[in-house]
Amino acid sequence: MSLFIGDRILVPIDFSQDSFNALDETLNFIKDPNKITVIHVLLPLESVDPGVIWSTLNDDTRKDNVKNSFYERYPKSLVDDLILVVKIGNPSLEIVDYAKKDNTDLIVIASHGRTGINRFLLGSVTEKVVRLAECPVLVWRR
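Quick caveat, the model's predicted, so the values are computed rather than measured.

Chemist: Residue-level account of the overall build of the chain, with values.
Modeler: Helix and strand content of the chain: six helices and five strands. Per-residue burial for the chain yields a buried fraction of 37% across its 142 residues. The long-range share in the chain, meaning contacts at least 24 apart out of those at least 6 apart in sequence, stands at 73%. Carbon and sulfur atoms make up 51% of the accessible area of the chain, which totals about 8,600 Å².

Take a look at the structure:
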């Protein structure tokens, strides 16, 4: 029996090299981008953020920036069938909620993303996903 049985695999990315490595390995193993959904979760904007104050940044422009950055790294021609989802909220909760709603069979997540004080303050998204997910979670370590 394989953990990869199923048609729905969710790979969270935070644009760290580790998260891209997890996606690359998933793409290499699965070979069918149709089965893979990539999710990136943006933290909510604060009303005091300069982009909000100057009305130069909103959730739609942030989502577009994420998609553009992703497709710079992974040209659409190579991952045309892959689904890219951008959510706004608490990363671990958004990942777990999406996995549940999408009937995800497996989450493949990097063991480390943010490091240092950011990781300490935010807690480990990976640890929370492992604890809260209702489907199997494969933690990709470097």
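The rest of the description comes next.
Chemist: How would you summarise helix α3 (residues 59-73) if you had to cite specific residues and measurements?
Modeler: Here α3 contains 15 residues, and its C-alpha end-to-end distance of 22 Å stays within 8% of the 21 Å for a straight helix at 1.5 Å per residue. Within the sequence span of α3, burial applies to Arg62, Val66 and Phe70. End-on, the buried residues of α3 take up no more than an arc of 70°, which puts them together on one face. Along α3, the residues that are exposed and aim more than 90 degrees away from the buried face are Asp60 and Glu72. Looking at the buried side of α3, the elements it contacts are α1 (17-30), β2 (36-42) and β3 (83-88).

Chemist: I'd love a proper account of the pattern of salt bridges, names of residues and values included.
Modeler: Opposite charge on two side chains allows them to pair when their charged atoms are near. A full pass over the atoms with the stated rule returns four salt bridges. Of the charged contacts in the structure, one is a salt bridge between Asp59 and Arg62, with a shortest N-O distance of 3.3 Å. Taken together, the positions of Asp59 and Arg62, both in helix α3 and three residues apart, correspond to about one turn of that helix. With a relative accessible area of 33%, Asp59 lands in the partly exposed category.

Chemist: How would you summarise the confidence of the model for the chain if you had to cite specific residues and measurements?
Modeler: Keep in mind that low pLDDT regions are not for reading the predicted coordinates in detail. Taken over all residues, the pLDDT of the chain has a mean of 84, while the share at 70 or more is 81%. At the low end of the mean pLDDT range in the chain sits helix α5 (residues 116-122), at 47; at the high end sits helix α4 (residues 91-101), at 97.

Chemist: So what's going on with the packing of aromatic side chains? Which residues, and what values?
Modeler: Each aromatic ring pair is specified by the distance between its two centres and by the angle formed by the two planes. In the structure shown here, the tally under the stated rule is four aromatic pairs. A ring pair is formed by Phe20 and Tyr74, whose centres lie 5.8 Å apart and whose planes are at 50°; its orientation type is tilted. Of the two residues, Phe20 sits in helix α1 while Tyr74 sits in the loop between α3 and β3, which places them 54 residues apart along the sequence. Taking the relative accessible area as the measure of exposure, Tyr74 reaches 8% and is therefore buried. Here a set of aromatic residues connected by ring pairs shows up, and it is made of Phe15, Phe20, Phe70, Tyr71 and Tyr74. Here Arg73 stacks its cationic end above the ring of Phe20, 4.0 Å away from the centre of that ring.

Chemist: Describe unusual backbone geometry, and please don't skip the residues or the numbers.
Modeler: Of note in the backbone geometry, Phe15 takes a positive phi value of approximately 70° without being a glycine. With respect to the helices, strands and loops of the structure, Phe15 is situated in the loop between β1 (9-12) and α1. Judged by relative accessible area, which is 28%, Phe15 ranks as partly exposed.

About the cut-offs
Residues numbered from 1 in each chain as written. Predicted model: local features only at pLDDT ≥ 70, side-chain atom pairs only at ≥ 80, totals over all residues. Heavy atoms only, no water. Helix = DSSP H or I, 4+ residues; strand = E, 2+ residues; numbered from the N terminus. Buried < 20%, exposed > 50% of the residue type's maximum accessible area, 1.4 Å probe, protein only. Contact = heavy atoms within 4.5 Å. Areas by Shrake-Rupley, 256 points an atom, 1.4 Å probe, with all protein chains shown as cover. Expected span 1.5 Å × (residues − 1). Arc of directions from axis to C-beta. Salt bridge = Lys/Arg side-chain N within 4 Å of Asp/Glu carboxyl O. pLDDT = per-residue confidence, 0-100. Phe/Tyr/Trp six-rings, centres within 6.5 Å; stacked < 30°, edge-to-face > 60°. Lys NZ or Arg CZ within 6 Å of the ring centre and 35° of its normal.

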